[in-house]
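Structural description and commentary
For reference, the chains in residue letters:
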Amino acid sequence: MDKVHHLTGHGPIKALMIAQGQDEFPYTHNLDELLRLVEQAGAEVPDSVERATDLTRYAVFTRYPPSPPIGEDEYEAAVATARAVVEWVEGQVGSDA
């Protein structure tokens, strides 16, 4: 696993923050912190997207090798979570357009 899956959560969440009118946000890759800010701006975050907080750890693992091995089930769960984030953000941004 690489940081692509973490960034798939991170990038869209920050894009949503910009769409919400948040022009300043913390320099962080902590998805839990970013999701709290999205909620404070009025978005209701579904459980499938809340699981994105699990992706934060991959940013650390992949930056500072050696990374612990990640099994196929964990990989597939991370990909599914990242997809859920992208789909949710697309729906949120599309509903504001």
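Preceding this section is the structure that the text describes.
Below or above, wherever it landed, is the structure these notes cover. (Residues numbered from 1 in each chain as written. Predicted model: local features only at pLDDT ≥ 70, side-chain atom pairs only at ≥ 80, totals over all residues. Heavy atoms only, no water.)

1. Examining the overall build of the protein
For the protein, the helix and strand inventory stands at five helices and zero strands. Ordering the α and β elements of the protein from the N terminus gives α-α-α-α-α. The contacts in the protein between residues at least 6 apart in sequence include a share of 53% that link residues at least 24 apart. Working note: accessible area of the protein is about 5700 Å², and carbon and sulfur atoms make up 52% of it. (Helix = DSSP H or I, 4+ residues; strand = E, 2+ residues; numbered from the N terminus. Contact = heavy atoms within 4.5 Å. Areas by Shrake-Rupley, 256 points an atom, 1.4 Å probe, with all protein chains shown as cover.)

2. Points about helix α2 (residues 31–40)
Of the residues making up α2, those classed as buried are Leu31, Leu34, Leu35 and Val38. For α2, the angular spread of buried residues about the axis comes to 100 degrees, placing them on one side. (Buried < 20%, exposed > 50% of the residue type's maximum accessible area, 1.4 Å probe, protein only. Arc of directions from axis to C-beta.)

3. Re the side chain of Lys14
Residue placement: Lys14 occurs in helix α1 (residues 4–19). Glu33 provides the closest opposite charge to the buried, salt-bridge-free Lys14, at an N-O distance of 9.0 Å. (Lys, Arg positive; Asp, Glu negative; His and termini not counted. Salt bridge = Lys/Arg side-chain N within 4 Å of Asp/Glu carboxyl O.)

4. Comments concerning the pattern of salt bridges
All chains considered together, the criterion is met by three salt bridges. For Glu39, the salt bridge identified is with Arg36, shortest N-O distance 2.8 Å. With Glu39 and Arg36 both in helix α2 and three residues apart, the pair spans about one turn of that helix. Residue class for Glu39 comes out partly exposed when judged on its relative accessible area of 30%.

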